[in-house]
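What follows is each chain in one-letter form.
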Amino acid sequence: MHEFDKPYFKQLIGFVKSEYAANTCYPRGSEIFAAFEACTFDKIKVVIIGQDPYHGYNQANGLCFSVHENITHPPSLINIFKELSNDLGIPYPKSGDLTPWAKQGVLLLNATLTVRANEAGSHQNKGWEQFTDEVIKIISDKKENIVFLLWGGFAKKKAVLINSNKHHILTSGHPSPLSANRGLWFGNKHFSKTNMYFINNGLTPINW
């Protein structure tokens, strides 16, 4: 990606390095780009867009909505798993680590890839969004038949970056309790709808 050579990205990396040196930040430095390492460009089939990494102790693992093994599931992930279970009739998953999804082609992309401990949004508007918007645009331009799952108002704004003529966009409320409890999340059936889209286009569905 040419983004790595741009002035804004060099500034961003300087900011991130100073933040990690001076404060506790998440995810671990080695996991900042984990979403791209677990789901390489050639494998991408689904893109799920989150906003910020989890800012609690040892939760974030570099994949949006995902947590490290043996970490209590945060409220949004609980609601994702409840919808998954209801939609597909499968048991509620034990592990909150979504790496198995990523390895099948689900890019779990946070708009901002780092955060200071216990300070939600602390690394927003430093350049990460410019980088991740470019990622979304490149996926839209270079790939076909990608399913974009846009959950909540923030993610829905990314629809303008996506060519809906050659990709499939599904939107719903956010899985956070605030949204889910107002009837904006449960029943969206995004997991079965994603797989139906793949089946209809002769592609392999995701084993959620």
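Criteria and cut-off values
- Residues numbered from 1 in each chain as written.
- Predicted model: local features only at pLDDT ≥ 70, side-chain atom pairs only at ≥ 80, totals over all residues.
- Heavy atoms only, no water.
- Buried < 20%, exposed > 50% of the residue type's maximum accessible area, 1.4 Å probe, protein only.
- Helix = DSSP H or I, 4+ residues; strand = E, 2+ residues; numbered from the N terminus.
- Pairing = 2+ DSSP bridges.
- Salt bridge = Lys/Arg side-chain N within 4 Å of Asp/Glu carboxyl O.
- Phe/Tyr/Trp six-rings, centres within 6.5 Å; stacked < 30°, edge-to-face > 60°.
- Lys NZ or Arg CZ within 6 Å of the ring centre and 35° of its normal.

**Q** Account for the pairing of strand E3 (residues 106-110), with residues named and values stated.
**A** Within E3, 5 of the 5 residues are buried, leaving the element largely enclosed by the surrounding structure. Residues of E3 alternate between two faces, with Val 106, Leu 108 and Asn 110 on one and Leu 107 and Leu 109 on the opposite face, all of them buried. Looking at chain direction, strand E2 (residues 46-50) and E3 are connected through 5 bridges and run parallel. Each residue of the ladder has a partner; that of Val 47, found in E3, is Leu 107.

**Q** Could you give an account of the pattern of salt bridges, with specific residues and numbers?
**A** Tallying each qualifying case throughout the model produces 6 salt bridges. Between Arg 28 and Glu 31 there is a salt bridge, and its shortest N-O distance comes to 3.3 Å. Overall, the relative accessible area of 13% leaves Glu 31 in the buried class. When salt bridges that share partners are traced, they join Glu 19, Arg 116 and Glu 119 into one network.

**Q** For the packing of aromatic side chains, give the residues involved together with the corresponding values.
**A** According to the stated counting rule, one finds 19 aromatic pairs in the structure shown. With a centroid separation of 6.3 Å and 45° between ring planes, the pair formed by Phe 33 and Phe 36 is classed as tilted. Assessed through its relative accessible area of 23%, Phe 36 is described here as partly exposed. Centroid distance Trp 151 to Phe 191: 6.3 Å. Interplanar angle 65°. Geometry classified as edge-to-face. One end of the pair, Trp 151, is in strand E5 (residues 147-151); the other, Phe 191, is in helix H8 (residues 190-200), with 40 residues separating them in the sequence. You'll find Trp 151 and Phe 191 in the same group, each marked buried. Put simply, the rings of Phe 65, Phe 81, Tyr 92, Trp 101, Trp 151, Trp 185, Phe 191 and Trp 208 pair up and form one aromatic cluster. Above the face of the Phe 41 ring, Lys 143 is positioned so that its terminal group lies 5.0 Å from the ring centre.

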